[in-house]
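# Geometric and topological summary
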Amino acid sequence: MSCAACVGRVEKALAAVPGVRSASVNLATETARVETDAPLPFDTLRAAVEHAGYEAGPVAAAAAPAEQAPDRGNFALRWLRGANEGLPVLLAALLSLPLAAPMLLAPLGVDAMAPPWLQWLLATPVQFLFGARFYRAGWKAVRAGAGNMDLLVALGTSAAYGLSVYLMLAGHAAHLYFEASSVVITLVLLGKWLEARAKRQATSAIRALRTLRPESARVRRDGIDSDVPVDTVRPGDLVVVRPGERIAIDGEVVEGTSDVDEALVTGESLPVARRPGDRVTGGAINGAGLLLVRTTATGAETTLERIIRLVEDAQAAKAPVQHLVDRVSAVFVPVVLAIAALTLAGWWLASGDLETATINAVAVLVIACPCALGLATPAAIMAGTGVAARHGILIKDAQALETAHGITTVVLDKTGTLTQGRPVLAALRAHGIAEPELLALAAALQRGSEHSLARAVIDVALERAPDLPAVPAAQAVTALPGRGLAAAVGGRDLVLGSTRLMEERHVDLAPLLADAHALERSGHTVSWLADAGGRQLLGLLAFNDPPKATAQAAVARLHAQGIATSMLTGDNAGSAQAVAAAVGIGGVAANLLPADKTAHIAELKAQGARVAMVGDGINDAPALAAADVGIAMSTGTDVAMEAAGITLMRGDPALVADALDISRRTFAKIRQNLFWAFVYNLAGIPLAALGMLSPVMAGAAMALSSVSVVTNALLLKRWKPGRWQPGTRHGASREEKA
């Protein structure tokens, strides 16, 4: 594909295949995403693409050689491919230089004009050998009943070449235009080569992530360590990670302690300590310690593979603004052909000079290339999502990217988002039973739960195990979203959870209500344990979960960017107010169920706010989906990450402001690129039609348009988190605003 018109034609061809629900083609990544009602043979899709004049292959097959080859081989292959692409440009330039030399030397009074036969001899291989790609692609477009950039270049250069041959044979060799046809082809080839190099730089994030995947892992089986292909490792296998090695799988440390460098996976700049019970991520680099890791995920289910899929999906997706560009591009080539025909006829009728009329029409055909229009949006998205992924921000799709730049309100969950998410059991108050029994019953209910409060209870229960009474294992454990859980323990139906849950079960809390209020006012979270069958209160558990170290600064950054903040939590009002005051959030809503959070989001949106919701738990998933943009912490649940449009690979609330910042910068690049792409054509076509641009100048401008759009997008690769400065609106730097 060469331009946005190609994109429209391939999409139309794929969408016409029976069973295809939708088709989206990305010019920058040269990939198509096809949604079907039922599985379709790939050959059916390939045939549709070929009928439209193009070729297609499976993405997996195209990526496999680069992924399987070693790093050095990848470098060599990329160098060889770049050299092969650059060789035609170099040879075309060498042949075109003698043709262009007279034009360059004429202002100096030097006459270096070659004989007509030599001009023809130099121009012909450029036209038909190095320019063959334009004829092939242009002919396929004509057969498909459409037009593209290749057709415009083929028609324009052929007209200049043909006119020169005619003038040479007719004996009017005072001025030929072989230099126009040859130099235009050379410039277009140069532009496509530079564009391809720039696009490869834009996809460097994906390549960097792929290089993190080790080929083998050292697995311990029956006490013997052996190196095996990483594809053969299965969940539950014990993997030995030696000092300095890259971790091959996701897993949990069972032996050893070490510091692990997760920079390229999570964006965390400093190594993090890992000890038994901690999770490690495939792709991270082990430090000085020897680790024995129990595998929890391999292959496509690892965190690294999921990151790669998310980044690939985002880079291949289209932003909503791109659909407008596609509609413009669909009619662009026919309109340009009409303008060129009118230019030819108008100049011929006005001046009677077919030579001048032809050259001006050629200039129109050459400058009017929709390449820049097609690349403006995807190039910026590729660069923006790539640099964001390097710093631990995964943008799932282009819709989220485009929406995030206009966020006016950020709503944050409390536990695990603003707080450390590792609460500790700070106090116990028993009623009618002894405190050891209260702790034992609470631990029995929550054994196996992944909830942070459950882990806090179990940790204390394990410490005090010798002093706790024996309690039967819980049966029929049922999660009560936003409230707590219920289970049967030793023949009693117990419930553990919030004040709301106790009120719904008609449990009298009066005996411990004063204690509960005092604990909540001091910032504690209170859970109640009761016998649901007898509606009897058994006690309360109080937890303390301090704010994260970066939470206050993160909220301050959002406020400095003009973004309002509020906090929604299922926790009690006292604990919520204490955390909100500590981090600087004014608006707080507490004691909320998941449906209440969703209703609160809907209310903000109805008031005209564009809302981002930040959360990490199962109970946050509905609100994440209801917000204009959902932002999930990867330290939370998979459900939350599936519902969100943006995932933060570290549980650092400061990344929220960074995510909005890179979204705004990326969308600013999209606007800049579209502006310049339209300006090139809106200004260039009239100038060419009025005879104010030569074909050579038109070719240079056309090549420059594509290269400048991609290069401008690549400036995003310089972005670093936390670079926002007061005095610039919405985080855009003064340089970028200018």
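These figures come from a predicted structure and were not determined experimentally.

### Here we look at the overall build of the protein
Within the protein one finds 27 helices and 24 strands. Buried positions account for 51% of the 738 residues belonging to the protein. In the protein, the share of contacts with a sequence separation of at least 24, taken over all contacts with a separation of at least 6, comes to 68%. On the protein, roughly 32,200 Å² of surface is accessible, and the fraction owed to carbon and sulfur atoms is 60%.

### Overview of helix α17 (residues 452–463)
Helix length check: α17, at 12 residues, gives a terminal C-alpha distance of 17 Å against a target of 16 Å (1.5 Å per residue), a fit within 8%. Of the positions making up α17, those classed as buried are S452, L453, A454, A456, V457, I458, V460 and A461. Contacts from the buried residues of α17 go to β14 (424–430), α16 (435–446), β18 (525–531) and β19 (536–544).

### Quick look at the environment of L445
For L445, the position within the fold is in helix α16. A relative accessible area of 2% places L445 in the buried class. The sequence separation of L445 and V477 amounts to 32 residues, and the corresponding C-alpha distance is 7.2 Å. If we ignore the near neighbours within four places in the chain, the residues touching L445 are A474, V477, L485, A487, V489, L494, V495, L496 and L529.

### Thoughts on the sheet that holds strand β23 (residues 629–633)
Pairing is mixed in the open sheet, where 7 strands are placed in the order β12-β24-β23-β22-β13-β20-β21. Each end of this open sheet is capped by a strand with a single partner; those strands are β12 (393–395) and β21 (587–589). In this sheet, neighbouring strand axes are inclined to one another by 20° on average, regardless of whether the strands run parallel or antiparallel. With 4 bridges connecting them, strand β13 (residues 409–413) and strand β22 (residues 611–615) associate as parallel partners. Its bridge partner lying in β22, T409 is registered against V611.

### What to know about unusual backbone geometry
Phi at H506 takes a positive value of approximately 60°, unusual for a residue other than glycine. Of note, H506 is situated in the loop between α18 (499–504) and α19 (510–521). Positive phi, close to 55°, is recorded for N591, a residue that is not glycine. Relative to the helices and strands, N591 is located in the loop between β21 and α22 (594–606). A residue is classified by how much of its surface remains accessible, and N591, at 37% relative accessible area, is partly exposed.

### Re the packing of aromatic side chains
Under the counting rule described, the total for this entry stands at 4 aromatic pairs. When the ring of F128 is compared with that of Y161, the centres are 5.2 Å apart and the planes differ by 90°; the resulting orientation is edge-to-face. Pair noted here: F128 is in helix α5 (residues 116–130) and Y161 is in helix α7 (residues 149–169), with a separation of 33 residues, a long-range link. Using a relative accessible area of 9% as the deciding quantity, one classes Y161 as buried. Seen in terms of ring centroids, Y161 and F178 are 5.5 Å apart; in terms of plane orientation they differ by 65°. Their pairing is edge-to-face. You can see Y161 sitting in helix α7 and its partner F178 sitting in helix α8 (residues 178–202), a full 17 residues away along the chain.

### Side note on the packing of α5 against α7
The contact between α5 and α7 brings their axes to 11 Å, and the two run at 155°. In terms of orientation, α5 lies roughly antiparallel with respect to α7. Here α5 runs over α7; the crossing is left-handed. Note on element contacts: α7 touches α5 through T157, S158, Y161, V165 and M168, opposite P116, W117, W120, A123, T124, Q127 and F128.

### What to know about the sheet that holds strand β4 (residues 224–229)
Ordered in space as β4-β3-β5-β11-β6-β9, the 6 strands form an open sheet in which the pairing is antiparallel. Edge positions in the open sheet fall to β4 and β9 (279–280), since each of these has one partner strand only. Here strand β6 (residues 250–255) runs beside strand β11 (residues 291–297); their pairing, made up of 5 bridges, is antiparallel. Residue pairing in the sheet places D250 in a bridge with A297 of β11.

### Some words on the side chain of T302
One can find T302 in the loop between β11 and α11 (303–316). Taking the relative accessible area as the measure of exposure, T302 reaches 7% and is therefore buried. Other than its neighbours up to four places away in sequence, T302 contacts D250 and A297.

### A short note on the pairing of β18
Most of β18 is tucked away, with 7 of its 7 residues classed as buried. By the alternation rule, side chains of β18 split into T525, S527, L529 and D531 and V526, W528 and A530, which are all buried. By the bridge criterion, 4 bridges tie strand β17 (residues 492–497) to β18 in an arrangement that is antiparallel. Across the sheet, residue L494 finds its bridge partner in β18, namely D531. Both β18 and β19 contribute to a ladder of 7 bridges, which runs antiparallel. Pairing of T525 across the sheet is with F543, part of β19.

### A look at the UniProt feature "transmembrane region" (unreviewed entry) in the protein
The UniProt entry lists residues 87–105, 117–135, 147–169, 175–194, 328–350, 362–389, 674–693 and 699–716 under the feature "transmembrane region" (unreviewed entry), expressed in the numbering used here. Its end C-alpha atoms 24 Å apart, residues 117–135 is made of 95% helix and 0% strand.

### What to know about a nonpolar patch on the surface
There is a patch of nonpolar side chains on the surface, built from L87, L90, L91 and L94 and spanning about 360 Å² of accessible area. Here L87 is to be found in helix α4 (residues 71–105). For L87, a relative accessible area of 44% gives the class partly exposed.

### Notes on the pattern of salt bridges
Evaluated as defined, the whole model comprises 14 salt bridges. Close ionic contact of K605 with D628 constitutes a salt bridge, the shortest N to O distance being 4.0 Å. In this pair, K605 is assigned in helix α22 and D628 in the loop between α23 (621–626) and β23, connecting sequence segments 23 residues apart. Here D661 and R665 are joined by a salt bridge, their closest N and O atoms 3.1 Å apart. One end of the pair is D661 and the other is R665, both in helix α25 (residues 654–689) and 4 residues apart, which spans about a single turn. Per residue, the accessibility class of D661 equals that of R665, and both read buried.

### Details of the nonpolar core
In this structure, I393, V410, L418, I631, I646 and L648 are the most contacted members of the largest nonpolar core, which totals 71 residues. Among the elements that line this core, the one with the most residues is helix α14 (residues 371–390), at 11 residues. Other than its neighbours up to four places away in sequence, L648 contacts G392, I393, I631, A632, M633, S634, L655, V656 and A659.

### Regarding the packing of helix α13 (residues 354–367) against α25
Here α13 crosses α25 at 165°, and the two axes come no closer than 8 Å. For the element pair α13 / α25, the angle class is roughly antiparallel. Classified by chirality, the crossing of α25 by α13 is right-handed. Here N360, A363, V364 and I367 of α13 lie close against α25, whose contacting residues are N681, G684, I685, A688 and A689. Looking at side-chain class alone, the contact of α13 with α25 contains 6 nonpolar, 3 polar and no charged residues.

Each value, and the rule that gives it
Residues numbered from 1 in each chain as written. Predicted model: local features only at pLDDT ≥ 70, side-chain atom pairs only at ≥ 80, totals over all residues. Heavy atoms only, no water. Helix = DSSP H or I, 4+ residues; strand = E, 2+ residues; numbered from the N terminus. Buried < 20%, exposed > 50% of the residue type's maximum accessible area, 1.4 Å probe, protein only. Contact = heavy atoms within 4.5 Å. Areas by Shrake-Rupley, 256 points an atom, 1.4 Å probe, with all protein chains shown as cover. Expected span 1.5 Å × (residues − 1). Pairing = 2+ DSSP bridges. Axes fitted to C-alpha atoms, helices over the stretch in contact; angles between N-to-C directions. Phe/Tyr/Trp six-rings, centres within 6.5 Å; stacked < 30°, edge-to-face > 60°. Parallel < 35°, antiparallel > 145°, perpendicular 65-115°, else oblique. Left-handed = near helix turned anticlockwise from the far one by under 90°. UniProt positions renumbered as here; feature names shortened; annotations may be inferred. Patch = residues over 30% accessible without salt bridge, like charges linked within 9 Å, V, L, I, M, F, W, Y side chains within 5 Å. Salt bridge = Lys/Arg side-chain N within 4 Å of Asp/Glu carboxyl O. Core = buried A, V, L, I, M, F, W, Y, C linked by side-chain atoms within 4.5 Å. Nonpolar A, V, L, I, M, F, W, Y, C, P; charged D, E, K, R; others polar.

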